[in-house]
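# Inside the fold
Here's the letter readout for the chains.
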Amino acid sequence: MSSITVPGYGGGIVTVSPSGTANQFLSQTIANALAAAGGLLNVVSSTSTPFPTPSGSFNEIAATESGSVTVPTGYQFLTINDGANQTVTASGVSPLSVVAGNGALSFNGSGGNQSISGSGTSTVTVGGSSNFVALGGGNDTIVSNGSGTLAGGGGSNLYSLTGAGAGSSDLVISDTTGTDTIIAGAGNTTVAGYGSGSLSIQGGSGALVVGGSPTGNTSVNAASGPSTIWGGAPSNLINGGSGTILFVGLASSVATVNGASGPVTIYGNSGDNIAYNNTSGSGSALMAAFGGNETLNAAGSNVAVTVSAGTGNTTLIGGSANDLLIGGHGTDLITTGAGADTVDIYKGSGGTNIITDFTVSDQLVLTGYGTAEAGKAVAGAVTSGGGTTITLSDSTTITFTGVSSLTGFKITSF
């Protein structure tokens, strides 16, 4: 990307070299604001001691060499030249915009709203209620004690939001090529992943939303806050907490959701392969397919799970508890698992259902067919090829593999 020049001290210029889309955008936005100030801009050198009292509406501190600077209230801009390493403290309450070059930046701001652009390796701490941090390709650390938009750029970045209190809201834009780590807190956190790297996310007590279209792996450790997660590719690992979890798979997502005490809702999509495990928690789970060839697998669950097929071909696998498995419109392969399970087929589905592992402890419920349907279907059952098939009045077929006779099995209709 091309370099950007901004006004410097004594009529000079400061040159910065942005890295990444967000960093380029913010750097150019700050440069445009400086250019718009024109002759009203008052520029002082970062080596001035002490800084003169701000004069006029637009006041800039220009740093062309490495060092440290404390920005007093009244200065709205700080510019740092390419190659200059700077440690910056900004305790004033006025808004501050910083555009830094490719040197190392250490920024600590506890006052007003801050816009921080740096293309080198940076450590940035911001407060306030409307911050915008856009960094470059280094391995950066961003600490938010307020609200804002945070973009670390390429590299492997750490976002710490534990200091953001309840009522705050942070948007993390992850465009990493490495691994971005996001630690949420009491505020609301939204993570938009777009990079080729991986995401590692720790939830907090606030609401967590994870989305975007990352092409790397996503790992989420949920906590007490509610979590909404849009699954990316190629794989997702979700560890539950005490809060609710809503997981929505995108096309061809591979995901493992480990439940805990919080309830979990999972929606699959075309080509998805999603597993739900819960060996010791108490949270309930609902798994529902939309369309396309999907696998919804609850074999690793010891709590009751509801698993529902969609309009495509679906593989449904129950766990060891008393599960409810619902057939759909396509060709569905249903494995009940251990426990006293219920398989429910609704009238009008017209699907082909193949049930494996069906025992006398399980039951088949035909919903919407009327009370006489079950008897008629069983009377017309056909045993062939190691299984028994019944055909319903709407042409839906149900095959029980490994079953040579339906005598003793629970089949009812309503």
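Residues numbered from 1 in each chain as written. Predicted model: local features only at pLDDT ≥ 70, side-chain atom pairs only at ≥ 80, totals over all residues. Heavy atoms only, no water.

So, about the overall build of the protein. Scanning the protein for helices and strands turns up 2 helices and 40 strands. The C-alpha atoms of the protein give 29 Å as radius of gyration, which overshoots the globular expectation for 414 residues (22 Å, by more than 25%). Along the three orthogonal principal directions, the C-alpha set of the protein runs to about 100 × 35 × 30 Å. Counting only residues that meet the buried cut, the protein has 50% of its 414 residues in that class. For the protein, the proportion of contacts with a sequence separation of at least 24, taken over those separated by at least 6, is 16%. On the protein, roughly 15,400 Å² of surface is accessible, and the fraction owed to carbon and sulfur atoms is 54%. (Helix = DSSP H or I, 4+ residues; strand = E, 2+ residues; numbered from the N terminus. Rg over C-alpha atoms; globule rule 2.2 N^0.38 Å. Buried < 20%, exposed > 50% of the residue type's maximum accessible area, 1.4 Å probe, protein only. Contact = heavy atoms within 4.5 Å. Areas by Shrake-Rupley, 256 points an atom, 1.4 Å probe, with all protein chains shown as cover.)

As a further point, take unusual backbone geometry. The omega angle of the peptide bond from Thr49 to Pro50 is -10°, so this bond is cis rather than trans. Mapping Pro50 onto the fold places it in the loop between strand S3 (41-45) and strand S4 (58-63). With a phi angle near 65°, Ser252 is a residue other than glycine that sits in the positive phi range. Inspection of the secondary structure assignment puts Ser252 in the loop between strand S24 (245-249) and strand S25 (254-258). Positive phi, close to 75°, is recorded for Ser395, a residue that is not glycine.

Scanning the entire structure with this criterion turns up 5 aromatic pairs. Between Phe25 and Phe132, the aromatic rings sit 6.3 Å apart at their centres with planes inclined by 40°, giving tilted as the arrangement. Taken together, the residues Phe25 in helix H1 (residues 21-37) and Phe132 in strand S12 (residues 131-135) connect sequence positions 107 residues apart. When its relative accessible area of 22% is taken as the criterion, Phe132 is described as partly exposed. Relative to Phe290, the ring of Tyr267 has its centre 5.4 Å away and its plane inclined at 15°; by these criteria the two rings are stacked. Taken together, the positions of Tyr267 in strand S26 (residues 264-267) and Phe290 in the loop between strand S28 (285-288) and strand S29 (294-301) put the pair 23 residues apart, joining distant regions of the chain. Relative accessible area serves as the criterion here: at 27%, Tyr267 is assigned to the partly exposed category. (Phe/Tyr/Trp six-rings, centres within 6.5 Å; stacked < 30°, edge-to-face > 60°.)

A word on the pairing of strand S36 (residues 363-367). A regular strand carries its side chains on alternate faces of the sheet. Strand direction decides the pairing type here: strand S34 (residues 342-346) and S36, joined by 5 bridges, are parallel. From the neighbouring strand, Val343 faces S36, where its bridge partner is Leu364. As paired elements, S36 and strand S40 (residues 410-413) share 4 bridges and run parallel to each other. Bridge pairing in S40 places Gln363 opposite Lys410. (Pairing = 2+ DSSP bridges.)

Looking now at the nonpolar core. The tendency in soluble globular proteins is for nonpolar side chains to be buried as a group. Core analysis: the biggest nonpolar cluster contains 73 residues, and Ile80, Phe107, Tyr276, Met287, Leu364, Ile398 and Phe400 have the highest contact counts within it. Residues Ile4, Leu26, Ala62 and Phe77 belong to the second largest nonpolar core, which totals 15 residues. (Core = buried A, V, L, I, M, F, W, Y, C linked by side-chain atoms within 4.5 Å.)

Looking now at H1. Over its 17 residues, H1 extends 25 Å from the first C-alpha to the last, a length consistent with the 24 Å expected when each residue adds 1.5 Å. Turning to H1, its buried residues are Asn23, Gln24, Leu26, Ser27, Ile30, Ala31, Leu34 and Ala37. Phi turns positive, to about 55°, at Gly38, one or two residues after H1. (Expected span 1.5 Å × (residues − 1).)

Within the fold, Ser174 resides in strand S16 (residues 169-174). On the basis of relative accessible area, Ser174 is assigned to the buried category, the value being 1%. Here the side chain of Ser174 touches Asp180 through a polar contact of 2.7 Å, side chain to side chain. Leaving out residues up to four positions away in the same chain, Ser174 has contacts with Asp180, Ala192, Gly193, Tyr194, Gly195 and Leu199. (Polar contact = N/O pair within 3.5 Å; in protein donor to acceptor, adjacent residues only side chain to side chain.)

This part covers the environment of Ser200. With respect to the helices, strands and loops of the structure, Ser200 is situated in strand S19 (residues 198-202). Between the C-alpha atoms of Ser200 and Ile183, which are 17 residues apart in sequence, the distance is 8.6 Å. Ser200 has contacts with Asp180, Thr181, Ile182 and Ser219, leaving out every residue within four places of it along the chain.

A word on the side chain of Thr336. With respect to the helices and strands, the residue Thr336 is situated in the loop between strand S33 (331-335) and S34. Reaching out from Thr336, the side chain makes a polar contact with the backbone oxygen of Asp357 at a distance of 2.7 Å. Here Asp362 takes part through its side chain, which lies 3.4 Å from a polar atom of the side chain of Thr336. Beyond its immediate sequence surroundings of up to four residues, Thr336 is in contact with Gly318, Gly319, Asp323, Leu325, Asp341, Val343, Ile355, Thr356, Asp357, Phe358 and Asp362.

Inspection of the secondary structure assignment puts Gly292 in the loop between S28 and S29. Linking Gly292 and Gly271, residues 21 residues apart in sequence, is a C-alpha distance of 6.1 Å. Other than its neighbours up to four places away in sequence, Gly292 contacts Ser270, Gly312 and Asn313.

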